[in-house]
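One-letter residues, chain by chain:
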Amino acid sequence: MGQAWIPITIVAALSQTVRNALQRSLKGRLSTNGAAFTRFVFGLPFACAYLGILLAAGIGGLPRPDSVFWIWLVAAGLSQIVATSLLIHVMTARNFATAVAYAKTEVAQAAAFEIIFLGASVTWPGASGVVLATVSVMLMSVSRSAHPVRALLAGWTESSALLGLLAGGLFGVAAVGFRAASVSLHHPSVLVAAAFTLVMSTALQTLVMGAYLALRERGELRRVVAAAPAGALVGAMSSLGSAGWFTAFTLQIAAYVRTLGLVELPATLLISLYAFRERPSRAEILGLALLGLSIAMVLSGGR
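Positions within a chain are numbered from 1, following the residues in the order the chain's sequence is written. The model is predicted, so local features are restricted to residues of pLDDT at least 70 and side-chain atom pairs to those at 80 or more, both for listing and for counting; the totals for chains, interfaces and linings are taken over all residues. Working from all heavy atoms in the structure, the side-chain values ignore hydrogens and water.

(A) Up close: the overall build of the protein. Counting secondary structure elements, the protein contains 15 helices and zero strands. The buried label goes to any residue with under 20% of its type's maximum accessible area, the exposed label to any with over 50%, and the partly exposed label to all in between, with areas taken from a 1.4 Å probe on protein chains only. Going through the 303 residues of the protein one by one, you find that 50% of them count as buried. If you take every contact in the protein between residues at least 6 apart in sequence, the share linking residues at least 24 apart comes to 86%. Helical segments are the DSSP runs of H or I of at least four residues, strand segments are the runs of E of at least two, and each set is numbered from the N terminus. Whether two residues touch is decided by their heavy atoms; if any such pair falls within 4.5 Å, the residues are in contact.

(B) Broad picture of the environment of Met-209. Note on placement: Met-209 falls in helix H10 (residues 190-216). The exposure class of Met-209 is buried, given its relative accessible area of 9%. Aside from chain neighbours lying at most four places away, what touches Met-209 is Asn-33, Ala-36, Phe-37, Phe-40 and Ile-81.

(C) Looking closely at the side chain of Ser-238. The topology assignment puts Ser-238 in helix H12 (residues 228-251). When its relative accessible area of 4% is taken as the criterion, Ser-238 is described as buried. The contact partners of Ser-238, leaving out residues within four places of it in the chain, are Arg-19 and Arg-39.

(D) Seen up close, the packing of aromatic side chains. Between 30 and 60 degrees the pair is tilted, below 30 it is stacked and above 60 it is edge-to-face, where a pair is any two Phe, Tyr or Trp rings, Trp via its six-membered ring, whose centres lie within 6.5 Å. Inspection of every chain in the model, using the stated rule, returns five aromatic pairs. Their ring planes at 35° and their centres at 4.7 Å tell us that Phe-178 and Phe-246 sit as a pair that is tilted. One end of the pair, Phe-178, is in helix H9 (residues 159-184); the other, Phe-246, is in helix H12, with 68 residues separating them in the sequence. Across the pair, Phe-246 and Phe-178 agree in class, each one buried. Taken together, the aromatic side chains of Phe-69, Trp-70 and Phe-196 make up a single cluster linked through ring pairs. Should the NZ of a Lys or the CZ of an Arg lie within 6 Å of a ring centre and within 35 degrees of the ring normal, that charge is described as sitting over the ring. A cation over an aromatic ring shows up here: Arg-258 above the ring of Trp-245, its NZ or CZ 4.5 Å from the ring centre.

Here is the structure:
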């Protein structure tokens, strides 16, 4: 499918931006974990419908996963849940901006994991783009600090920053794991392989998070059901975005996909600029310029 991963990734990133905005609107009615749960429980029916349409259209038969698929799927699904929880935790820390900046090392860590565990081949322009993208998003994360560069250099001494680094690593494991699971199916249709992986992972995460809420946050599941109309929108956008991510992961190495997916950051800043009249700082402008250059390098190296 050539360079199809490029527009697919852009659609996935923009869908994720919309999903995040919808989830924030649920925060008043649901806990943080309850709002996060909506993406899985309400997204699962849409994911199943998408896979069903592909199968009904005769694009391919139902995959027959082996043990390799299930190992990668479980590792990726659980890593994503734990990483999300860690990120939520560090965002309550005093110096949360630095912690979030370290979580943005996800892209670079994903590249390292792919090389080590999957034997991925990364070109020099692509690798340079991944590193530059990591630096740019870290810089943008601490752009509101008095001394952004100093905050990044000294951040590794803080426990919250180390937790952010761990969250980034787990997000990297999730991205690589989902790609490995989908590719391990060896299915003739990329779309079916990605959709099947999406359904299985969403089902797993729904069960795990549902059990957690039932045990640790009593009454939250009832509130999730009560928020079904808004939750359905979150689920729809989550499924659209995840279908895009999983398809792109099947077509291209995860590090390149996640780097291009950072186009959501300029979109978010533009919304802040035009909707809320928030002027970007010098660090944000520099970060955007570096991000644009890094994406161009990744696109060049990913051909």
